[in-house]
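Examining the three-dimensional arrangement
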Amino acid sequence: SAVISQKPSRDICQRGTSLTIQCQVDSQVTMMFWYRQQPGQSLTLIATANQGSEATYESGFVIDKFPISRPNLTFSTLTVSNMSPEDSSIYLCSVIGAGVRPDTQYFGPGTRLTVL
Amino acid sequence: GIQVEQSPPDLILQEGANSTLRCNFSDSVNNLQWFHQNPWGQLINLFYIPSGTKQNGRLSATTVATERYSLLYISSSQTTDSGVYFCAPFTSGTYKYIFGTGTRLKVLA
């Protein structure tokens, strides 16, 4: 399985500011994803982070609000821009294509964001 | 896109009881995973089960892909089983997992 770390683990931010979340994997992976989990809700896919090209966003999510980078096969960042209290969520990085089972998905520990 | 519904949404059990969680999905899938999200928010892989039945200790899972559902069985439940259980089918056409609505389980001592 993959070992995934995220930074920061939690943060409290003021509205109107931006936060960049980092995701680091201990091995090269095929796919990296970013999910959002609002309080008491399921996980919603924000986008697929594509190595060396623009991310692929799901319906309802746009690049201006959630810019994503993936400079190589082990690292990605998600920025939450111009934050509002509605952005308070857990943001999770996940990967596919690590280890013995290429289609198994693994998750990082998440970043717990509170926007005041 | 694919719709994923889980039932029941909430479940309270006495320690030692058994339970069955269900996951229905609206389209053909290539794979399916079950996850447990513990009270600290960490998602733990339980099963990778595109079809058939698998067992791991007190937990087992069955996926009947042709009928578009999967079941997760928890036997002799313990308080550490508390948390939220998610199923996530995978479609090769879109190459992503879509999460179900979740079942929130609380096991009482």
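Since this is a predicted model, take the numbers as computed values, not measurements.

Okay, the state of the cysteines next. Per the stated rule, a full pass over the model turns up two disulfides over all chains. Covalently, Cys 23 of chain B is tied to Cys 87 of chain B through a disulfide, its sulfur atoms 2.0 Å apart. Where Cys 23 of chain B bonds to Cys 87 of chain B through sulfur, the torsion about that S-S bond is close to 70°, and the disulfide is right-handed. Taken together, the residues span a long stretch of sequence, with Cys 23 of chain B in strand β3 (residues 19-25) and Cys 87 of chain B in strand β9 (residues 83-91) at a distance of 64 residues. The pair Cys 23 of chain B / Cys 87 of chain B is uniform in exposure class, with both members buried. A disulfide-free cysteine, Cys 13 of chain A has its sulfur positioned 18 Å from the sulfur of Cys 23 of chain A, the nearest such atom. A relative accessible area of 9% means that Cys 13 of chain A is categorised as buried.

This part covers the sheet that holds strand β7 (residues 68-72) of chain A. Residues and elements named next belong to chain A. Taken together, four strands build an open sheet; the order of strands is β1-β3-β8-β7 and the sheet is antiparallel. Of all strands in the sheet, those with a lone pairing partner are β1 (4-7) and β7, marking the two edges. For this sheet the average axis-to-axis angle between neighbouring strands, irrespective of direction, equals 15°.

Facing the 22 residues of chain A at the interface are 20 residues of chain B. Among the residues of chain A in contact with chain B, Asp 103, Gln 105 and Phe 107 of chain A are the three that bury the most area, contributing 28% of the side total. In this assembly, chain A and chain B are joined by one salt bridge. For Lys 96 of chain B, the salt bridge identified is with Glu 58 of chain A, shortest N-O distance 2.7 Å. Remark: the boundary between chain A and chain B carries six residue pairs in polar contact (both at pLDDT 80 or more). Residue assignment for the side of chain A that touches chain B shows that the elements contributing at least two residues are β4 (31-37), β5 (43-49), β9 (89-96) and β10 (105-107) of chain A. Looking at the side of chain A that touches chain B residue by residue, the class counts come to 11 nonpolar, seven polar and four charged.

With that settled, the discussion passes to the pairing of strand β11 (residues 111-115) of chain A. Residues and elements named next belong to chain A. Alternating positions in β11 separate cleanly, Thr 111, Leu 113 and Val 115 being buried on one face and Arg 112 and Thr 114 remaining unburied on the opposite face. Bridging between strand β2 (residues 10-13) and β11 involves four bridges; their strand directions are parallel. By the bridge assignment for β11, Asp 11 is matched with Leu 113. Bridging between β9 and β11 involves three bridges; their strand directions are antiparallel. What sits directly across from Ile 90, in β11, is Arg 112.

Residues and elements named next belong to chain A. For Ser 89, the position within the fold is in strand β9. With relative accessibility at 5%, the residue Ser 89 sits in the buried group. Those residues in contact with Ser 89 that lie beyond four places of it in its chain are Arg 36, Gln 37, Gln 38, Thr 111, Arg 112 and Leu 113.

Residue and element names in this part refer to chain B. Overall, antiparallel pairing links the five strands, which are arranged β1-β3-β8-β7-β6 in an open sheet. Two strands lie at the open edges of the sheet, namely β1 (4-7) and β6 (52-56), each paired on one side alone. For this sheet the average axis-to-axis angle between neighbouring strands, irrespective of direction, equals 15°. Across five bridges, the pairing between β6 and strand β7 (residues 59-64) is antiparallel. Bridge pairing in β7 links Asn 56 to Leu 59.

The rules behind the values
Residues numbered from 1 in each chain as written. Chains lettered and ligands numbered in written order. Predicted model: local features only at pLDDT ≥ 70, side-chain atom pairs only at ≥ 80, totals over all residues. Heavy atoms only, no water. Disulfide = S-S within 2.5 Å. Helix = DSSP H or I, 4+ residues; strand = E, 2+ residues; numbered from the N terminus. Buried < 20%, exposed > 50% of the residue type's maximum accessible area, 1.4 Å probe, protein only. Pairing = 2+ DSSP bridges. Axes fitted to C-alpha atoms, helices over the stretch in contact; angles between N-to-C directions. Contact = heavy atoms within 4.5 Å. Buried area = accessible area lost by both parts, 1.4 Å probe. Salt bridge = Lys/Arg side-chain N within 4 Å of Asp/Glu carboxyl O. Polar contact = N/O pair within 3.5 Å; in protein donor to acceptor, adjacent residues only side chain to side chain. Nonpolar A, V, L, I, M, F, W, Y, C, P; charged D, E, K, R; others polar.

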